[in-house]
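Chains, contacts and geometry: an overview
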Amino acid sequence: LDELPVHYSLGLIEDQRLLDLNSTEIEHMSQNIIQSHLGTCQFTSDELSKMIWNAHSQEEVRSLQSKSCRMMWQLCAIHMSNAIHYVVEFAKRLDGFMELCQNDQIVLLKAGCLEVLLIRMTQAFNPANNTVLFEGKFGGIQMFRSLGCDDLLYAIFDLGRALCHLSLSDEEIALFTAAVLMSPDRPWLTESKKVQKLQDRIFVALQKEIQKRHCSEDLMTKIISKLPLMKTICNLHADKLEFFRIVHPDIAQIFPPLYKEPSI
Ligand code: MHQ
């Protein structure tokens, strides 16, 4: 009874033996995922904990607010593109990812990079005062006023708070983001069985990691329960992006290639 069943939205593993894995293999895979995360996370949690009380001044917030919608979108697009490059690098370092066909690599990244970014955001989010890292310092939702998409931003900040509330470790974030990236239900995947197998193993590794710190609490269930909100945000984001692309086709040019076509 030492292996608890692993439940998740996309399938059900009743017995770890079904996956035909031994602990060393899981441990090895965990290490690969954690190292990949640490090597590509842009800011370490140490760096972030030092920056967390370094907030934008009133003046700086006002200056962001006085930017035009256009300029602000551009600024956000630059930061998001940059962050997405790190997510792509993360994926490339995951065992198994580069062995997938190129079509599937692109499908998984296109569909998952925003979700990964939202999970990564927990480390750059201060739930004590609802601020997030932007332009080198922490600031609240009002920084983004000129974007004119408050609904989306409230959803993003709500998710940030909810994810912070789970107080995930770096290791858990690494495994969680890898699992989200390896979602076998993305449209247009050609080898979803292969992806499913990878994701199953990652969930087993995540469950193991969770058991190290949290004894009784069902953190796994809580983590999984955040997935629908993340999907909603990504869809909302894709809609805004679509709208923005029509209104400002020139700026949409700088969105990273993966970002340009939310669906193939
Ligand atoms: C990453 C580092 C990182 C980089 C960029 C609605 C809209 C057009 C944009 C950060 C959303 C505005 C993003 C820049 C805002 C919510 C975006 C803009 C973790 C994530 C993080 C901190 C991003 C978080 C979300 C930000 C602030 O390693």
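Residues numbered from 1 in each chain as written. Predicted model: local features only at pLDDT ≥ 70, side-chain atom pairs only at ≥ 80, totals over all residues. Heavy atoms only, no water.

Quick notes on the overall build of the chain
Rules: In this description a helix means any DSSP run of H or I spanning at least four residues, a strand means any run of E spanning at least two, and both kinds are numbered starting from the N terminus. Residue exposure (1.4 Å probe, protein chains only): buried if accessible area is under 20% of the type maximum, exposed if over 50%, otherwise partly exposed. We call two residues contacting when some pair of their heavy atoms lies within 4.5 Å. Every accessible area reported is derived by Shrake-Rupley at a probe size of 1.4 Å, with residue values counting cover from the shown protein chains alone.
In terms of regular secondary structure, the chain is built from 12 helices and five strands. Per-residue burial over the chain gives 50% buried out of 264 residues. In the chain, the proportion of contacts linking residues at least 24 apart, taken out of those at least 6 apart, comes to 77%. Surface exposure of the chain reaches about 13,300 Å², of which carbon and sulfur atoms provide 56%.

Here we look at the sheet that holds strand β3 (residues 125-126)
As a reminder of what qualifies: Note on pairing: two strands pair once DSSP finds at least 2 bridges between them.
Pairing is antiparallel in the open sheet, where three strands are placed in the order β3-β4-β5. Strands with a single pairing partner mark the edges of an open sheet, and in this sheet they are β3 and β5 (137-139). Bridging between β3 and strand β4 (residues 131-134) involves two bridges; their strand directions are antiparallel. Within β4, the residue paired with F125 across the bridge is V132.

Some details on the pairing of β4
Neither face of β4 is open: one carries T131 and L133, the other V132 and F134, and all of them are buried. Connecting β3 to the antiparallel partner β4 that follows it, the hairpin turn spans four residues, and N130 within it adopts a positive phi of roughly 55 degrees. Relative to β5, β4 is paired through three bridges, and the arrangement is antiparallel. For V132, the partnering residue across the bridge sits in β5 and is G139. Turn length for the β4-β5 hairpin, with the two strands adjacent in sequence and antiparallel, is two residues, and the turn residue E135 shows positive phi of about 55 degrees.

Section: unusual backbone geometry
Even without a glycine there, the phi angle at E135 is positive, about 55 degrees. Within the fold, E135 resides in the loop between β4 and β5.

Regarding the side chain of E209
With respect to the element layout, E209 can be found in helix α8 (residues 192-213). In this structure E209 comes out as buried when scored by relative accessible area, which is 10%. Among all residues touching E209, those that are not within four sequence positions of it are I34, E171, E172 and L175.

Digging into α8
Since the α-helix turns once every 3.6 residues, residues separated by three or four places project in the same direction. Going by this rule: Each helix should span, by expectation, one fewer than its residue count multiplied by 1.5 Å.
The terminal C-alpha atoms of α8, which comprises 22 residues, lie 32 Å apart, in line with the 32 Å expected from a rise of 1.5 Å per residue. Considered for burial, the residues of α8 that qualify are V195, L198, Q199, D200, I202, F203, V204, A205, L206, Q207, E209 and I210.

Digging into the side chain of K226
Looking at the element boundaries, K226 is found in the loop between α9 (219-225) and α10 (227-247). The class for K226 is buried, based on a relative accessible area of 18%. Ignoring sequence-local partners within four residues, the contact set of K226 consists of L159, A162, L163 and L166.

Looking at the packing of aromatic side chains
Short version of the rule: A pair of aromatic rings is counted whenever rings of Phe, Tyr or Trp (Trp by its six-membered ring) have centres within 6.5 Å, and the orientation is called stacked for planes under 30 degrees apart, edge-to-face for over 60 and tilted otherwise.
The tally for this structure, following the rule as stated, stands at three aromatic pairs. Centre to centre, the rings of F125 and F157 are 5.5 Å apart; their planes meet at 70 degrees, and the pair counts as edge-to-face. Within this pair, whereas F125 is found in strand β3, its partner F157 is found in helix α6 (residues 150-165), the two being separated by 32 residues in sequence. Given the relative accessible area of 5%, F157 is considered buried. With 4.9 Å between their ring centres and 65 degrees between their planes, F134 and F144 make a pair best called edge-to-face. Taken together, the residues span a long stretch of sequence, with F134 in strand β4 and F144 in the loop between β5 and α6 at a distance of 10 residues. Just as F134 is buried, F144 falls in that class too.

A short note on the site of the ligand
Condition: Whether a residue is near a molecule or strand depends on its heavy atoms: it is near if one of them lies within 4 Å of it. Pairing of N or O atoms within 3.5 Å defines a polar contact, subject to two protein rules: one partner must be a possible hydrogen donor and the other a possible acceptor, and residues neighboring in sequence count only if both atoms are side-chain atoms. Residues are grouped as follows: nonpolar covers Ala, Val, Leu, Ile, Met, Phe, Trp, Tyr, Cys and Pro; charged covers Asp, Glu, Lys and Arg; every other residue, Gly included, is treated as polar.
The local shell around the ligand holds 18 residues, among which Q42, W73, A124, F144 and L152 are the closest. Between Q42 and the ligand, the recorded distance is 3.4 Å, taken from a side-chain N or O atom to an oxygen atom. Looking at the shell around the ligand, the elements that each hand over two or more residues are α4 (69-93), α5 (102-121), β4 and α6. Split by residue class, the shell around the ligand holds 15 nonpolar, two polar and one charged.

Brief notes about α5
Selection rule: To get the bend at any residue, fit one axis to the seven residues that end at it and another to the seven that begin at it, then take the angle between the two axes.
For α5, which comprises 20 residues, the first-to-last C-alpha distance of 27 Å matches the rise-based estimate of 28 Å (1.5 Å per residue) to within 8%. The sharpest bend along α5 comes to roughly 45 degrees, located at G112. For α5, a buried count of 16 out of 20 residues is recorded, marking the element as mostly surrounded by other parts of the structure.

Remember that the coordinates give geometry; whether it matters functionally is a separate question.
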